[in-house]
Amino acid sequence: MGKEKLIELLNKGLELEHQAEAQYLSHATLLSGETADALTERLIEIAGDEHKHADLFRKCLEMLDAAPSIKMAPGHPAKANKDILKINLKDERDAVDFYRTIVAELQTCRAELKYEYEYIEHKLRHIIMDEEEHALELRTLLGE
Ligand SMILES: [Fe+2]
Ligand SMILES: [Fe+2]
């Protein structure tokens with residue numbers, strides 16, 4: 001338990017980041033209409049953040065001497081601009097929820113991670129803050 005469960009959750013997070021990057025890059029090619037160029041630029045920028053998040057998850061796993069996953073979580077297809085923004089907004093919110101469960105698991109193994117805890121906690125907090133920012137951007141683009 002504890003550390004093993006944490007490693008499993010960090011790897012699930014890494015697989016979500018693989019998916020998020022691929023999904024944003026895929027969706028960025030599918031946008032249409034007058035706002036397509038601006039939206040494409042934003043989605044590519046967000047994909048860059050997801051790429052960095054995957055790096056951060058790998059660093060956390062390295063800290064725990066665990067092998068980082070090379071798998072990818074299942075993606076969510078969409079075609080119309082609005083559907084693309086909506087599906088990614090949902091994914092961002094789901095990511096925030098899931099990453100909070102990783103933080104909760106991390107807290108339960110604090111004593112076990114005497115020389116790793118703050119490092120991992122800081123990285124997770126950084127990732128969650130970025131996802132909250134992504135959700136805000138998508139919400140703004142949707143006019144919500
Ligand atoms: Fe991310
Ligand atoms: Fe994100």
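Now for a look at the structure at hand. Just so we're clear, the structure is a prediction, and the values are computed from it rather than from any experiment. (Residues numbered from 1 in each chain as written. Chains lettered and ligands numbered in written order. Predicted model: local features only at pLDDT ≥ 70, side-chain atom pairs only at ≥ 80, totals over all residues.)

Some thoughts on the overall build of the protein chain
Within the protein chain, the secondary structure is distributed over four helices and zero strands. Its helices and strands taken in sequence order, the protein chain reads α-α-α-α from the N to the C terminus. A compact globule built from 144 residues would reach a C-alpha radius of gyration of about 15 Å, and the protein chain, at 16 Å, matches this within 12%. For the protein chain, the spread of C-alpha atoms along the principal axes amounts to about 55 × 30 × 20 Å. Sorting the 144 residues of the protein chain into buried and exposed places 29% on the buried side. For the protein chain, the proportion of contacts with a sequence separation of at least 24, taken over those separated by at least 6, is 82%. (Helix = DSSP H or I, 4+ residues; strand = E, 2+ residues; numbered from the N terminus. Rg over C-alpha atoms; globule rule 2.2 N^0.38 Å. Buried ≥ 20, exposed ≤ 12 C-beta atoms within 10 Å, placed from the backbone. Contact = placed C-beta atoms within 7 Å.)

Quick word on the environment of Arg 42
Following the sequence through the fold, Arg 42 ends up in helix H2 (residues 36-63). Once you skip the residues sitting within four places of it in the chain, Arg 42 turns out to touch Glu 137 and Leu 141.

Structural notes on the packing of helix H3 (residues 81-108) against helix H4 (residues 117-141)
It is the contact of H3 with H4, at a shortest axis distance of 9 Å, that shows an interaxial angle of 160 degrees. As judged from the angle between their axes, H3 and H4 are roughly antiparallel. H3 and H4 meet at a crossing whose hand is left-handed. Along the contact surface, H3 presents Leu 85, Asn 88, Leu 89, Glu 92, Arg 93, Ala 95, Val 96, Tyr 99, Arg 100, Ile 102, Val 103 and Leu 106, while H4 presents Ile 120, Glu 121, Leu 124, Ile 127, Ile 128, Glu 131, Glu 132, His 134, Ala 135, Leu 138, Arg 139 and Leu 141. (Axes fitted to C-alpha atoms, helices over the stretch in contact; angles between N-to-C directions. Parallel < 35°, antiparallel > 145°, perpendicular 65-115°, else oblique. Left-handed = near helix turned anticlockwise from the far one by under 90°.)

Here's the deal with the environment of Met 129
Within the secondary structure, Met 129 sits in helix H4. The class of Met 129 is exposed, set by 11 C-beta atoms lying within 10 Å.

A short note on the nonpolar core
Grouped together as the largest cluster of nonpolar side chains are 25 residues, with contacts concentrated most on Leu 10, Phe 57, Cys 60, Tyr 99, Ile 102, Leu 106 and Leu 124. Elements supplying a minimum of two residues to this core: helix H1 (3-28), H2, H3 and H4. If one sorts the elements of this core by residue count, H2 sits on top with eight residues. For Leu 106, the contacting residues outside a window of four places in its chain are Leu 6, Ile 120, Glu 121 and Leu 124. (Core = buried A, V, L, I, M, F, W, Y, C linked by C-beta atoms within 7 Å.)

Side note on H2
With 28 residues, H2 should cover 40 Å at 1.5 Å per step; its first-to-last C-alpha distance of 41 Å lies within 8% of that length. Every buried residue belonging to H2 is among Leu 39, Arg 42, Leu 43, Ile 46, Glu 50, His 53, Ala 54, Leu 56, Phe 57, Cys 60 and Leu 61, and all of these are buried. On its buried face, H2 sits against H1, H3 and H4. Among the residues trailing H2, Asp 65 stands out with phi positive, at a value near 55 degrees. (Expected span 1.5 Å × (residues − 1).)

These results come straight from atomic positions and should not be treated as a statement about function.
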